[in-house]
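This is what each chain is made of:
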Amino acid sequence: MTISIEQVSQHNSKTDCWIIFHSKVYDITNFVSKHPGGAKILMKLAGKDGSAQFDKFHTLDIMKSYIYEKLIIEVGSLDDSAAEAAVAEATIRAKEEAQQEASVINKYEPQRISNLKNKPPLDQIMNLYDFEYVANKTLEPVARNYYSSGVDDEITVRENHFAYKRIFFNPRVLIDVTECDISTNLLGHNTSAPFYVSSTAMQKYAHPEGEKVFAHGCSRENIVQMVPCLSSYPFEEISKEIKPGTPFWFQLYPSAHDGLNEEIIRKVEAAGCTGIFITVDNVYGGNREKDRRVKAIMGHLIELEKNKGSISKDDMDRLYMVSSAKSEDQEETKDDDSALGRRAVTWLTWEKMRHLKSITKMKFYLKGIQSIPDARLAVENGMDGIVLSNHGGRQAEYSKSTIEVLYDLNQAGITTQIDVFIDGGVRRGTDILKALCLGAKAVGLGRGLLYPVATYGEAGLVRAIQMLKEEMVTTMRNIGVRNLNELNEELIDTINLKSRGSNFGYSEDLYNRASLPLLPPNFGNVKL
Ligand code: HEM
Ligand SMILES: Cc1cc2nc3c(=O)[nH]c(=O)nc-3n(C[C@H](O)[C@H](O)[C@H](O)COP(=O)(O)O)c2cc1C
């Protein structure tokens, strides 16, 4: 059916909402209140072309599962000339809105803007914490909080990281470590090191080239990239950028509809993907308060500025108190899960995993296992591997640190029964070595490699990967290890690993500060 722009514009309310994406018209009425990014952002585009805004975060693939569920309905298309006009209008509108928002944000963040201009040169960055620090001081607040935030009090976020600091080495000496090799074989393919880029949604938040930066950087360093299904570029465009011969994996949030899962699995398999990782820990969207607060505050800030022209100190104080209590999205959709940014995948079962595994020849891993019983079930259900992960502390608060779960699994002998990978809190080559000593085959990094991309693009990513490799080799030599096969439990002392809580005593200021909400008035306080 061909539709005119005028027709679309009449469907502009919450109870009757159409939107245009790339010349197609969609009825999103039943989806608006379920959008994990909030209803408000969609309502601004009701009855209009939203392609320019949509493209900043998503690809059209993200709509498929909602179309299957009939939460989004394809109504028809614009005719060619109308489509062109709509895109032109939308592009101008999006640009104007973005400029308006940026000018408000910049006005209240002079220090961040100055930090952006005065970033230290890459060769002054010594380790992954430095990238995080620079990101802390330069990233736009919504993006910064989207990355750093975890569920509730961020106990698991911190614990993932600090638990590594409770493990020490028992170095061996008088071994010829002139040759020191960190290369390995993951899922049947050789890679230069036993760590990989874990999947994170919407990488355009970090860099305009998003997932493609990881595709290039990982290819250069022969490191595996786990491509996220919620990517901000289409899978086809990302996989094209991966150098032939470099192994890559795909992370899937399964749809309730097997047809769609099968379509995606076949597509990535045909493109040469060697492993599929099904995320099983994103059952019910975690309560990321810091993230919700900053979005609410930034939204109110822009509204206030528009209405009053400037914001006084009193306004700002009020803004903080009110916004902390509730956001406009919550107000508008108070009976709905999405008001809290909740996503519900409550129907996933082992049966579904067995079915999905049966339709592919790719290695089949479960990402998000957090306990011994589930690890045992993965073995019993014939999975090829598991990733011990709690989604970087974004889902189940008080989930134990993944390194502690690995310790338990190793004690229980499970690391010899199935491939065990691990992610969460990794920032140093020593963290990677400790995990390998406890039986992990590979270690994933989320934030640790996102921040280098967000601050220095591909050059930052490559440098960060090289730093991790250098840190691994240095430590291996100093503890008397020549290759990864020689890493074992005898090389580490885990006596304090279980003393949870001692993490709060660490004065690792950078990391702690990275976990605090970064709001505009705090921004001016610390110079680089
Ligand atoms: C109507 C089609 C859309 C669908 C199906 C959709 C779907 C989604 C999904 C599944 C997520 C969750 C990603 C995650 O797990 O982290 C999300 C988040 C998000 N979406 Fe959309 N979206 C749509 C339209 C839009 C549009 C038009 C915009 C921009 C104007 C937008 C902006 C965002 C943002 C900013 C987030 C991040 C939320 C966060 O910070 O946690 N979305 N969307
Ligand atoms: C901003 C962000 C977005 C994420 N998006 C996804 C995702 O789309 N799919 C997924 O399986 N895991 C996702 N994760 C979890 C990561 O894959 C990984 O498990 C986690 O980041 C590891 O913790 P770390 O960030 O401390 O390294 C995300 C994590 C972050 C920080």
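Refer to the structure presented above.
Being a predicted model, the structure only gives us computed values, none of them experimental.

1. Details of the coordination of the iron atom of ligand 1
Metal coordination angles have textbook ideals: 109.5 degrees for a tetrahedral set of four donors and 90 or 180 degrees for an octahedral set of six. Around the iron atom of ligand 1, the protein supplies His35 (NE2) and His58 (NE2) as donor atoms, at distances of 2.0 Å. Using a relative accessible area of 10% as the deciding quantity, one classes His35 as buried.

2. Structural notes on the pairing of strand β14 (residues 385-388)
Of the two faces of β14, the one carrying Gly385 and Val387 and the one carrying Ile386 and Leu388 are both buried. Two strands pair when backbone bridges link them, and strand β13 (residues 363-369) and β14 are joined in this way by four bridges, in the parallel orientation. Considered in β14, the bridge of Leu366 is made with Ile386. With respect to chirality, the unit in which β13 leads through helix α17 (residues 372-380) into the neighbouring parallel β14 is right-handed. In this view, the connection linking β14 to its parallel neighbour strand β15 (residues 419-423) by way of helix α18 (residues 402-411) has right-handed handedness.

3. Some details on the sheet that holds strand β1 (residues 2-3)
To summarise the sheet geometry, strands pair through backbone hydrogen bonds and adopt either a parallel or an antiparallel arrangement. Strands sit in the order β1-β5-β4-β3-β2 across an open sheet of five strands; the sheet is mixed. The open sheet is flanked by β1 and β2 (12-13), the only strands paired with a single partner. For strand β3 (residues 16-21) and strand β4 (residues 24-27), the ladder comprises four bridges, and the chain directions are antiparallel. Bridge pairing links Ile19 to Tyr26 in β4.

4. Some points on the site of ligand 1
Around ligand 1, the structure places 22 residues, and the nearest of them are His35, His58, Tyr146, Met202 and Lys295. Within the side chain of His58, a nitrogen or oxygen atom sits 2.8 Å from a nitrogen atom of ligand 1. Of all the secondary-structure elements, those providing two or more residues to the shell around ligand 1 are α2 (40-43) and α3 (51-55). Its residues placed into classes, the shell around ligand 1 shows 16 nonpolar, four polar and two charged.

5. Digging into the packing of aromatic side chains
What the rule picks out here adds up to 18 aromatic pairs. Plain terms: the ring middles of Phe21 and Tyr26 are 5.9 Å apart, the flat faces sit at 40 degrees to each other, and that makes the pair tilted. In this structure, Phe21 and Tyr26 share a single accessibility class: buried. The lysine or arginine in question, Lys119, covers the ring of Tyr456, its NZ or CZ lying 5.0 Å from the ring centre. A cation over a ring is seen here: Lys212 above Tyr233, with NZ or CZ 4.2 Å from the ring centre.

6. Side note on the packing of helix α5 (residues 80-108) against helix α6 (residues 110-117)
Where α5 meets α6, the axes come as close as 5 Å, and the angle between the chain directions of the two elements is 100 degrees. Between α5 and α6, the crossing angle belongs to the class labelled roughly perpendicular. Packed against α5, whose contacting residues are Ile105, Asn106, Lys107 and Tyr108, the element α6 presents Pro110, Arg112 and Ile113 at the interface.

7. Overview of the environment of Val453
On the secondary structure map, Val453 appears in helix α20 (residues 447-478). Counting along the chain gives 322 residues from Val453 to Phe131, while the straight-line C-alpha distance between them is 8.9 Å.

8. Here we look at the nonpolar core
In this structure, Phe195, Ile386 and Ile403 are the most contacted members of the largest nonpolar core, which totals 92 residues. The dominant element in this core, judged by the number of residues it contributes, is α20, at 14 residues. Apart from residues lying up to four places away in sequence, Ile403 is in contact with Ala163, Tyr164, Ile167, Ile422, Lys434, Ala435, Leu438 and Leu497. Formed by 16 residues, the second largest nonpolar core is a distinct cluster that contains Ile28, Phe31, Met63 and Ile72.

9. Regarding the side chain of Arg394
With respect to the helices and strands, Arg394 occurs in the loop between β14 and α18. Separated by 3.0 Å, the side chain of Arg394 and the backbone oxygen of Ser149 make a polar contact. Other than its neighbours up to four places away in sequence, Arg394 contacts Tyr146, Tyr147, Ser149, Gly150, Val151, Gly286, Arg288 and Arg447.

10. Some points on the pattern of salt bridges
Throughout the structure, instances matching the rule amount to 21 salt bridges. A salt bridge links Glu263 to Lys64, with the nearest nitrogen and oxygen atoms 3.1 Å apart. Taken together, the positions of Glu263 in helix α12 (residues 258-270) and Lys64 in helix α4 (residues 64-68) put the pair 199 residues apart, joining distant regions of the chain. With a relative accessible area of 32%, Lys64 lands in the partly exposed category. Residue Glu262 is joined to Arg266 by a salt bridge in which the shortest nitrogen-to-oxygen separation is 3.9 Å. With Glu262 and Arg266 both in helix α12 and four residues apart, the pair spans about one turn of that helix. One salt-bridge network, in which partners are shared between bridges, spans Asp61, Lys64, Glu236, Glu263 and Lys267.

11. Examining helix α19 (residues 429-437)
With respect to burial, α19 is a largely interior element, eight of its nine residues being buried. In the stretch just after α19, Gly439 is the one whose phi turns positive, near 100 degrees.

12. Some details on the site of ligand 2
Residues in close proximity to ligand 2 total 21 residues, the closest being Ser198, Ser199, Thr279, Asp423 and Gly425. The side chain of Ser198 places a nitrogen or oxygen atom 2.8 Å from an oxygen atom of ligand 2. Alone, ligand 2 offers 600 Å² of accessible surface; in the complex the protein occludes 99% of this. The residue inventory of the shell around ligand 2, partitioned by class, reads five nonpolar, 11 polar and five charged.

Rules and cut-offs
- Residue positions are counted from 1 within each chain, in the order its sequence is given.
- Each chain gets a letter, beginning with A, and each ligand a number, beginning with 1, in the order they are written.
- Selection of residues for local features in this predicted model requires a pLDDT of at least 70, selection of side-chain atom pairs for listing and counting requires 80 or more, and totals for whole chains, interfaces and linings are taken over all residues.
- As a convention, hydrogens and water are excluded, and side-chain values are obtained from all of the structure's heavy atoms.
- Only N, O and S atoms count as donors, using a 2.8 Å cut-off from the metal and 3.2 Å for Na, K and Ca, and because water is excluded some sites may appear unfinished.
- Throughout, exposure labels follow a simple rule: accessible area from a 1.4 Å probe, protein chains only, divided by the maximum for the residue type, with under 20% read as buried, over 50% as exposed, and the rest as partly exposed.
- Helix and strand assignments come from DSSP, with helices taken as H or I runs of at least 4 residues and strands as E runs of at least 2, each series counted from the N terminus.
- For two strands to count as paired, DSSP must find a minimum of two bridges between them.
- With the strands aimed away from the viewer, a crossover counts as right-handed if its path from the first strand over the helix to the second runs clockwise.
- By convention in this text, a residue qualifies as near a molecule or strand provided that one of its non-hydrogen atoms is within 4 Å of it.
- For the purposes of these results, a polar contact is taken to be a pair of N or O atoms within 3.5 Å, where, inside protein, one atom must be able to donate a hydrogen and its partner to accept one; residues adjacent in sequence count only when each atom of the pair is a side-chain atom.
- Each residue gets one label: Ala, Val, Leu, Ile, Met, Phe, Trp, Tyr, Cys and Pro are nonpolar, Asp, Glu, Lys and Arg are charged, and the others, such as Gly, are polar.
- Pairs were defined over the aromatic rings of Phe, Tyr and Trp, the Trp ring being its six-membered one, requiring ring centres within 6.5 Å. Orientation was assigned from the angle between planes: stacked under 30 degrees, edge-to-face over 60, tilted for the rest.
- In this scheme, the term charge over a ring applies when either NZ of a lysine or CZ of an arginine sits within 6 Å of the ring centre and within 35 degrees of the ring normal.
- Note on geometry: axes are lines fitted to C-alpha atoms, helical ones only across the stretch in contact, with angles between N-to-C directions running from 0 to 180 degrees.
- Orientation categories follow fixed angle ranges, with anything under 35 degrees roughly parallel, anything over 145 roughly antiparallel, 65 to 115 roughly perpendicular, and all other angles oblique.
- For this analysis, residues touch if any pair of their heavy atoms sits within 4.5 Å.
- Think of a nonpolar core as a cluster: buried Ala, Val, Leu, Ile, Met, Phe, Trp, Tyr and Cys residues, connected wherever their side-chain atoms sit within 4.5 Å.
- The working definition used for a salt bridge is a side-chain nitrogen of Lys or Arg within 4 Å of a carboxyl oxygen of Asp or Glu.
- All accessibility values rest on the Shrake-Rupley procedure with a 1.4 Å probe; residue burial counts only the protein chains present in the view.

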